[in-house]
Amino acid sequence: MYNNRRLALSIFWVLLGVTLLVLSITEVLDSSMYAGMGSVLIVVGGLQIIRNIRYRKDAAYQEKVDTETSDERNRFLSMKSWSWTGYIVVIIQGIGVIVATVLREDTIRQILSYSVCLMVTVYWISYLVLSRKY
């Protein structure tokens with residue numbers, strides 16, 4: 001599962017984080033957002049490097065990770081979670097459209113409406129593609 005490409009990508013995130021943090025500290029970049037983003041990239045990249053090294057060194061951990069990624073039950077649960085998430089988000093956004101309309105918040109209503117339309121369109125296209133494939 002873990003390979004040299006993933007390790008290189010993790011190292012890249014750490015280097016990008018260090019660059020953003022240094023540029024923010026030296027005030028080349030104005031916003032403190034870049035310092036926060038750089039710090040997060042350093043932490044996430046570092047954690048990924050640790051996971052990658054642990055995967056390579058610890059056979060028990062490697063077996064556990066491989067089992068989790070290839071287990072049919074986990075794949076089924078992941079797909080089911082995504083489908084539930086889609087339904088719940090569309091329903092919540094639809095309710096948000098109604099609430100925003102009642103409160104006369106046109107910008108919020110429009111953004112939520114576009115989001116619902118985008119999700120339904122992506123669902124429809126995905127359904128058409130998958131129905132031809134399976």
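A brief report on the enclosed structure follows.

Rules and cut-offs
Residues numbered from 1 in each chain as written. Predicted model: local features only at pLDDT ≥ 70, side-chain atom pairs only at ≥ 80, totals over all residues. Heavy atoms only, no water. Helix = DSSP H or I, 4+ residues; strand = E, 2+ residues; numbered from the N terminus. Expected span 1.5 Å × (residues − 1). Buried < 20%, exposed > 50% of the residue type's maximum accessible area, 1.4 Å probe, protein only. Arc of directions from axis to C-beta. Contact = heavy atoms within 4.5 Å. Phe/Tyr/Trp six-rings, centres within 6.5 Å; stacked < 30°, edge-to-face > 60°. Lys NZ or Arg CZ within 6 Å of the ring centre and 35° of its normal. Axes fitted to C-alpha atoms, helices over the stretch in contact; angles between N-to-C directions. Parallel < 35°, antiparallel > 145°, perpendicular 65-115°, else oblique. Left-handed = near helix turned anticlockwise from the far one by under 90°.

1. Here we look at helix H1 (residues 4-25)
So, point 1. The first and last C-alpha atoms of H1 sit 31 Å apart over 22 residues, in line with the 32 Å expected at 1.5 Å per residue.
So, point 2. Residues of H1 that are buried include every one of Ser-10, Val-14, Gly-17, Leu-20 and Ser-24, and no others. Summarising the axial view, the buried residues of H1 lie within an arc of 130°, below the 170-degree limit, and thus occupy one face. Set apart from the buried face of H1 by more than 90 degrees, the exposed residues are Asn-4, Arg-5 and Leu-15.
So, point 3. Contacts from the buried residues of H1 go to helix H2 (33-57).
So, point 4. A positive phi of about 60° marks Glu-27, the residue just after H1.

2. Let's talk about the environment of Ser-113
So, point 1. Mapped onto the elements of the fold, Ser-113 is located in helix H5 (residues 106-133).
So, point 2. On the accessibility criterion, Ser-113 (22% relative accessible area) is partly exposed.
So, point 3. Separated by 72 residues in sequence, Ser-113 and Leu-41 place their C-alpha atoms 33 Å apart.

3. Some details on the packing of aromatic side chains
So, point 1. Applying the stated criterion to the full structure yields two aromatic pairs.
So, point 2. Plain terms: the ring middles of Phe-12 and Trp-13 are 5.2 Å apart, the flat faces sit at 55° to each other, and that makes the pair tilted.
So, point 3. Here Phe-12 falls in the partly exposed class, since its relative accessible area comes to 43%.
So, point 4. Over the aromatic face of Tyr-61 sits the side chain of Arg-54, whose NZ or CZ is 4.0 Å from the ring centroid.

4. Remarks on the packing of helix H4 (residues 72-102) against H5
So, point 1. Orientation of H4 relative to H5, taken along the N-to-C sense of each, is 155°, at an axis distance of 9 Å. By the criterion of interaxial angle, the relationship of H4 to H5 is roughly antiparallel. Like other packed secondary-structure pairs, H4 and H5 cross with a definite hand, here left-handed. Residue-level inspection shows Gly-86, Val-89, Val-90, Gln-93, Gly-94, Gly-96, Val-97, Ala-100 and Thr-101 of H4 in contact with H5, the latter providing Ile-108, Arg-109, Leu-112, Ser-113, Ser-115, Val-116 and Met-119.

5. Regarding the side chain of Ser-24
So, point 1. Its location among the elements puts Ser-24 in helix H1.
So, point 2. Discounting residues that sit within four places of it in the chain, Ser-24 has contacts with Leu-29, Ser-31, Ser-32, Tyr-34 and Ala-35.

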